[in-house]
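# Structural overview
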Amino acid sequence: MASKAQIEQYEDQGYFIADDAVVPEMLPALTEATRRVADKVRSGEVVDKTDKIGTGGEGTAPVVIMGVMAPEFGEPIFSDYLASEPVERYVHPFLGEELRLGWVTAFAIQGGGYQCGWHRDFGAEERDGSYEVEMEILSRYRKNLLKWHMALIDDPCLWIVPGSQRRYRTDHEREVLISNKGVGDIPDAKQIRLKRGQTIFWNGNTIHRGVMPTGMEERLTLCGCLVKHQADDPSETLDERFRWRLADNVREALPEKVRVYYDRWKRLQIVD
Ligand SMILES: [Fe+2]
C-alpha cells in the first residue's frame, strides 16, 4: 500500500510515484486494449464524444479518449483495472474504502507535438484570484478525490511544480499562467519521467503542464481517478466530459464493484 513516505510526499510535494500500482500481468493487456481503442477512434468504428459514444462515424486522431470504459469499445479490462487490488491498495489510505467513480481515460497520441500549457486543474473556479481567493480554492477544491497517470509506455510528458498545491502562485507563475496563457519556463518545475508500468498519483491543484518532447512519437498513458463517497455528499452538476455515462448500456457492462462506484456517482448527478 501507499507508504508513509509516499503519503507525506503527496501532502508536501503534491505527488508520488509507485512502481507496483498495476497487476504486472495486466500491463500488456491494458497496453494492447488502449491501442485497439485508439485504432477504433482513428477509423471511426467507435466515435468517442463526451455526450455520446457512437459507432460507425468519422474517424479522428485521438488525444485523450474519455470513453474507454464504454461498452461500444468492448474492452472491460479498463473497469477491471479500476477495481483491481493494487489500485485499491493505493487509494484506500487516502480516501477510505467507500468510493465512487472517478474515471478511466487514456492519452493515446500518435505523432509528436502534443502540448498543454501550465495550469491548475481548477475547472470553472477563478484562475486569477487574489491570495484569499486562490488559497480558499486550494483548501477546498477536489479534496475528495485521488487521481493518477499510469504509463503504458515510457512517458516523460508531465511537468509539476512540487508543493505548488499548498501555496499562492508567484508573480512569475501568474505571468506564465495568465499573461502568457501557460507558455514559458517555471523555475523549480520538475519533469516526471514515468517508466512503463509506473504510476504517478498527483494533485491537480499543483501547477502542471503536459509536453511531448521533440522526437517522441507516441504517448500511451492511462488516467484514473476515484472519489471518496459519503452518504451525505451533496448532489453535483454533471461533468460534461462524462455525459456519455448516462446512457442505458453503460452500467450493465461494468464489473460488480465498479457498478457500485457507478451507482453512487450517478445518484449525485444533476443533469440538465
Ligand atoms: Fe491539468
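Further up the page is the structure itself.
### Quick look at the overall build of the chain
Within the chain one finds seven helices and 14 strands. Whereas a compact globule of 272 residues would reach a radius of gyration of roughly 19 Å, the chain reaches 18 Å, a difference of no more than 12%. For the C-alpha atoms alone, the extent of the chain along its principal axes is close to 50 × 50 × 40 Å. In the chain, buried positions account for 51% of the 272 residues. Sequence-distant contacts in the chain: of pairs separated by 6 or more residues, those separated by 24 or more amount to 81%. Accessible surface for the chain amounts to roughly 12800 Å². Of this, 49% is attributable to carbon and sulfur atoms. Of the charged side chains in the chain, 36 are positive and 45 negative, and the gap between their average positions amounts to 1 Å.

### A word on the coordination of the iron ion
Around the iron ion, the donor atoms from the protein are H119 (NE2), D121 (OD) and H208 (NE2), and they sit 2.0 to 2.2 Å away. In the primary structure, the donors to the iron ion are separated according to the pattern H-x1-D-x86-H. Here H208 lies in strand β11 (residues 208–211) and H119 lies in strand β6 (residues 115–119), a separation of 89 residues in the sequence. Here H119 matches H208 in class, with each residue buried.

### Observations concerning the nonpolar core
Judged by nonpolar contacts, the single largest core of 65 residues is most densely connected at L30, M69 and F78. Elements with a minimum of two residues in this core: β1 (15–18), α2 (26–43), α3 (77–82), α4 (85–95), β5 (99–110), β7 (145–151), β12 (218–228) and α7 (256–267). The element best represented in this core is β5, accounting for eight residues. Of all hydrophobic cores here, the second largest spans eight residues; its members include Y15, A151, I192 and W202.

### A few points about the sheet that holds β12
If you trace the six strands from one edge of the open sheet to the other, you get β1-β10-β7-β12-β5-β4, paired in antiparallel fashion. Whereas interior strands pair on both sides, the edge strands pair on one side only; in this sheet they are β1 and β4 (64–65). Relative to strand β10 (residues 199–202), β1 runs antiparallel, the two being bridged by four bridges. Counterpart to F16 in the pairing with β10 is F201. Set on the sheet, α2 makes contact with β4, β5, β7 and β12; between it and β12 the angle comes to about 105°.

### Focus on the environment of P24
Here P24 shows up in the loop between β1 and α2. Spatially, the C-alpha atoms of P24 and E136 are 40 Å apart, while their sequence positions differ by 112 residues.

### Remarks on the pattern of salt bridges
Summed over the entire model, instances satisfying the criterion amount to 22 salt bridges. Residue E240 is joined to R243 by a salt bridge in which the shortest nitrogen-to-oxygen separation is 2.7 Å. By relative accessible area, E240 is classed as partly exposed at 41%. One salt-bridge network, in which partners are shared between bridges, spans D20, E85 and R89.

### Some words on the sheet that holds strand β9 (residues 190–191)
Within the open sheet, the four strands sit side by side as β6-β11-β8-β9. Their pairing is antiparallel. Edge positions in the open sheet fall to β6 and β9, since each of these has one partner strand only. In the sheet, β6 pairs with β11 via three bridges, with the strands oriented antiparallel. Opposite H119, over in β11, you have H208 as the bridge partner.

### Some remarks on the pairing of β12
Burial analysis of β12 places ten of its eleven residues in the buried class, which makes it a mostly covered element. Both β5 and β12 contribute to a ladder of eleven bridges, which runs antiparallel. Opposite F107, over in β12, you have T221 as the bridge partner. Sheet topology note: the β7/β12 ladder contains seven bridges and is antiparallel. Across the sheet, A151 pairs through a bridge with T221, a residue of β12.

Rules of the game
Residues numbered from 1 in each chain as written. Predicted model: local features only at pLDDT ≥ 70, side-chain atom pairs only at ≥ 80, totals over all residues. Heavy atoms only, no water. Helix = DSSP H or I, 4+ residues; strand = E, 2+ residues; numbered from the N terminus. Rg over C-alpha atoms; globule rule 2.2 N^0.38 Å. Buried < 20%, exposed > 50% of the residue type's maximum accessible area, 1.4 Å probe, protein only. Contact = heavy atoms within 4.5 Å. Areas by Shrake-Rupley, 256 points an atom, 1.4 Å probe, with all protein chains shown as cover. Lys, Arg positive; Asp, Glu negative; His and termini not counted. Charge placed at Lys NZ, Arg CZ, Asp CG, Glu CD. Donors = N, O, S within 2.8 Å, 3.2 Å for Na, K, Ca; no water. Core = buried A, V, L, I, M, F, W, Y, C linked by side-chain atoms within 4.5 Å. Pairing = 2+ DSSP bridges. Axes fitted to C-alpha atoms, helices over the stretch in contact; angles between N-to-C directions. Salt bridge = Lys/Arg side-chain N within 4 Å of Asp/Glu carboxyl O.

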